[in-house]
Amino acid sequence: MASKKKEIQLQAVVTNQAQWEEMLLNKGLTVVDVYQGWCGPCKAVMSLFRKLKNEYGEDNLLHFAVAEVENIVPLLPFKDKCEPKFIFCLNGVMVDLVKGANGPLLNRKVIAFIEQERKIIAGEILRPELQELVIMEEKEFEEEPEEEEAVEKYTVVIIKPDAVALEKVDKIKETIVGAGFNIMAEEEKTLTEEQIRDFYQSKSEEPDFEDFVTFMLSAPSHILIVSEGKQSQHVMPYLQTLEEEGEEDKEWEMQEGEEAMHGMQKMHEKPGLKGALENHELLNVCDIQDSVEEASRQLAFFFPNFAKSKKGPDIERTLALIRPALLRERRDSILKRIAEDGFEIAMQREIVLTEAQARLFYKEHENEDYFPILLEEMTSGPTLALALVQERAIQKWRSLLGPKIVEEAKEQCPMSLRAEFAVDNAPINQLHGSTTPDQAQRELEFFFPVENTLAVIKPTALEEHKDEIINKVKQAGFIISEMKETQITPEMAAQFYKAQENQPFFGQLVDYMSNGPSMVMILTKENAVEDWRKLMGPTDPEKAKETNPDSLRAQFAKDILRNAVHGSSNEEQAKTAIDFVFGDVDLESLKQKYVYV
Ligand code: UDP
Ligand code: MG
């Protein structure tokens, strides 16, 4: 009982609009736990709030409240979202939002706001212009993104080898585009046996299925991902009647009969993809999956990166740069801060830019006065480039950065990252972020170009964990451009490990590698060399378990020699090794086929 009473005292209870408006009259900061009636307020943060109130409450600038979304107009956008949300109101204006019971982040923000408020009151700094929380969130929450996603529909189309040989690919593509669909991605390649058996699962009981698999393995197929765009629902049942297994032709005839009867009415509905291809007598040379769930599963199978990019409508990637001075002095704290702000680091590369690279990257600034200083700073040591991922990452990262000029940042937005992570004596701000989606894409391509690398599943791991490892490779967004199960020759092994030639373990290593079958793969992805090494983890599995427990070596290695996987150290080394195993592969064209996330 006693503790309950305390809780009520700590947080004002806001249940209607009038109380909400009264709460906005609070001086200083009010942290509002916005909750759903059926979930109740968040208990997990109570002790943190109590501690903050004790430590920062004496000048009455810090208040806490709980508010049920139901009857309060500005909170309605949060209705039916059960994740805890904390709104920060500063002198009656909603200025910030923390999603989830993220204790460290709440703690840091409360302290920063209170300290800022105290400085303002003491006349030490000017009040920065208050930026009201963008209730842009409002619209998007109202729109129920899930529903929209269900309507956006992707279909995998496989054009079989005989049609590829007959050069029907262009005709099929023209037909698809002509019928109003969009081709989102395509690739010509010989499907793996695994992919064939998966895609044609429903035919696996048919008597000539094994011959069919052999035929599919004999030459490249052409794979398309087709988007039907935002289809209106009425087209869906029409497609579904065609899906009934084995009945396709019959159903289709019926449909045509029906269409003749209702000709006019049907005319202005877009025919399904199957209909369009059937009309041009092209359905017999390609295969389509148009059940929504199956298609999305197959999408992940054939084009893992494309599928990944569709996981949420607002998930974006942006480029962040941590410039040399900051990287030298406060690497860990800036990385910690980035994680606290909810960003996931999808790729990273530490690079000392050459002058030519810096000039190219900052080409648009070349006529500015500060250009020489920028060049000097950017080439003065390693820069850390990060691909940051989060909902609306581009705008979020930009707004966290604050003003470009460090002095302005310090005066107007002392809580911005450029102010907080300013480095004394460094002539320019220490953090960069892309401004628009286009710019983000270009900048990401600059720092994380598509690469090929050579990856090997070593013999012991191939025997015991083949499928698990291959799945993890795909999940991590690598395209397996080529794969071959083969017994590595001692010459090949010596080539892979040229750099270890003089090591005492070299003989043992070559023996082990050439003693049983391995899986050799060409992996294609942005930043493939480094990202594959990161997925492998440290050479010694004991260290991997400690520092990188999700890595392949932490999970699948037996010991340092039998450490599950191999990867090249750079693209040049990869090329030599690939030539050795696969012969002359057109590595450039593998890169060009890569579908960007
Ligand atoms: N290796 C070993 N004993 C050692 C160090 C390395 O058996 O003390 C083996 C290990 O299997 C490793 C391979 O040699 O994967 C190549 O060594 P490298 O330093 O290139 O490590 P990697 O690039 O594979 O992480
Ligand atoms: Mg190595």
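Structure: above.
Residues numbered from 1 in each chain as written. Chains lettered and ligands numbered in written order. Predicted model: local features only at pLDDT ≥ 70, side-chain atom pairs only at ≥ 80, totals over all residues. Heavy atoms only, no water.

> Whenever I open this one, the pairing of strand S16 (residues 517-526) confuses me. Can you help?
Walk down a regular strand and you will see the side chains alternate between the two sheet faces. Counting buried positions along S16 yields nine of ten residues, so the element is predominantly enclosed. With eight bridges joining them, strand S14 (residues 450-457) and S16 adopt antiparallel strand pairing. The partner of Val 450 across the bridge, within S16, is Glu 526. Pairing between strand S15 (residues 479-487) and S16: eight bridges, direction antiparallel. Its bridge partner lying in S16, Ile 480 is registered against Leu 523. (Buried < 20%, exposed > 50% of the residue type's maximum accessible area, 1.4 Å probe, protein only. Helix = DSSP H or I, 4+ residues; strand = E, 2+ residues; numbered from the N terminus. Pairing = 2+ DSSP bridges.)

> Please explain the environment of Phe 580 as it appears in this structure.
Tracing the sequence through the fold places Phe 580 in helix H30 (residues 571-582). Among the residues examined, Phe 580 registers a relative accessible area of 40% and is labelled partly exposed. It is 8.4 Å that separates the C-alpha atoms of Phe 580 and Gln 495, two residues lying 85 residues apart in sequence. Here Phe 580 is in contact with Glu 491, Met 492 and Gln 495, once residues within four sequence places are set aside. (Contact = heavy atoms within 4.5 Å.)

> Before we go on, may I ask you to explain helix H17 (residues 324-340) in this structure?
Working note: α-helix, 3.6 residues per turn, so residues spaced by three or four point in the same direction. Of all the bends in H17, the greatest, near 100°, is centred on Arg 330. Every buried residue of H17 is accounted for by Pro 324, Ala 325, Leu 326, Leu 327, Ile 334, Arg 337, Ile 338 and Glu 340. Gly 342 occupies a position one or two residues after H17 and carries a positive phi of about 90°. (Bend = angle between axes of the 7 residues up to and from the residue.)

> What exactly am I supposed to notice about the nonpolar core here?
As a rule of thumb, nonpolar side chains are buried together in soluble globular proteins. Leu 29, Phe 49, Leu 52, Phe 86 and Phe 88 are the most contacted members of the largest nonpolar core, which has 25 residues in total. Where this core is concerned, the elements lending two or more residues are strand S2 (29-35), helix H3 (46-56), strand S3 (62-68), strand S4 (85-90), strand S5 (93-99) and helix H4 (103-121). It is H4 that contributes the most residues to this core, six residues altogether. Not counting chain neighbours up to four residues away, the residues in contact with Phe 88 comprise Leu 29, Thr 30, Val 31, Val 93, Met 94, Val 95, Asp 96, Val 98, Leu 106, Lys 109, Val 110 and Phe 113. Of all hydrophobic cores here, the second largest spans 23 residues; its members include Leu 454, Phe 506, Leu 509 and Met 513. (Core = buried A, V, L, I, M, F, W, Y, C linked by side-chain atoms within 4.5 Å.)

> Is there a simple way to think about the packing of H3 against H4 in this case?
One way to put it is that H3 packs onto H4 with a least axis distance of 11 Å and a crossing angle of 20°. One finds that H3 runs roughly parallel with respect to H4. Between H3 and H4 lies a crossing of right-handed hand. On H4, the residues that touch Leu 48, Phe 49, Lys 51, Leu 52 and Tyr 56 of H3 are Gly 103, Leu 106, Asn 107, Val 110, Ile 111, Ile 114, Glu 115 and Arg 118. Its residues assigned to classes, the contact of H3 with H4 shows eight nonpolar, two polar and three charged. (Axes fitted to C-alpha atoms, helices over the stretch in contact; angles between N-to-C directions. Parallel < 35°, antiparallel > 145°, perpendicular 65-115°, else oblique. Left-handed = near helix turned anticlockwise from the far one by under 90°. Nonpolar A, V, L, I, M, F, W, Y, C, P; charged D, E, K, R; others polar.)

> Looking at this structure, I do not really get the packing of aromatic side chains. What am I missing?
Each aromatic ring pair is summarised here by two numbers: the centre-to-centre distance and the angle between the ring planes. A full pass over the atoms with the stated rule returns 13 aromatic pairs. Seen from their ring centres, Phe 478 and Trp 532 are 5.9 Å apart, and the 90° between their planes marks the pair as edge-to-face. With Phe 478 in the loop between helix H24 (459-475) and S15 and Trp 532 in helix H27 (residues 528-536), the pair connects residues that are 54 residues apart, well separated along the chain. Given the relative accessible area of 1%, Phe 478 is considered buried. Taking the relative accessible area as the measure of exposure, Trp 532 reaches 0% and is therefore buried. Clustering of aromatic rings is evident, with ring pairs tying together Phe 199, Tyr 200, Phe 209, Phe 212 and Phe 215. Geometry around Phe 478 places Lys 525 over its ring, the cationic atom sitting 5.4 Å from the centre. (Phe/Tyr/Trp six-rings, centres within 6.5 Å; stacked < 30°, edge-to-face > 60°. Lys NZ or Arg CZ within 6 Å of the ring centre and 35° of its normal.)

Take it as geometry only, folks, not as evidence of what the structure does.
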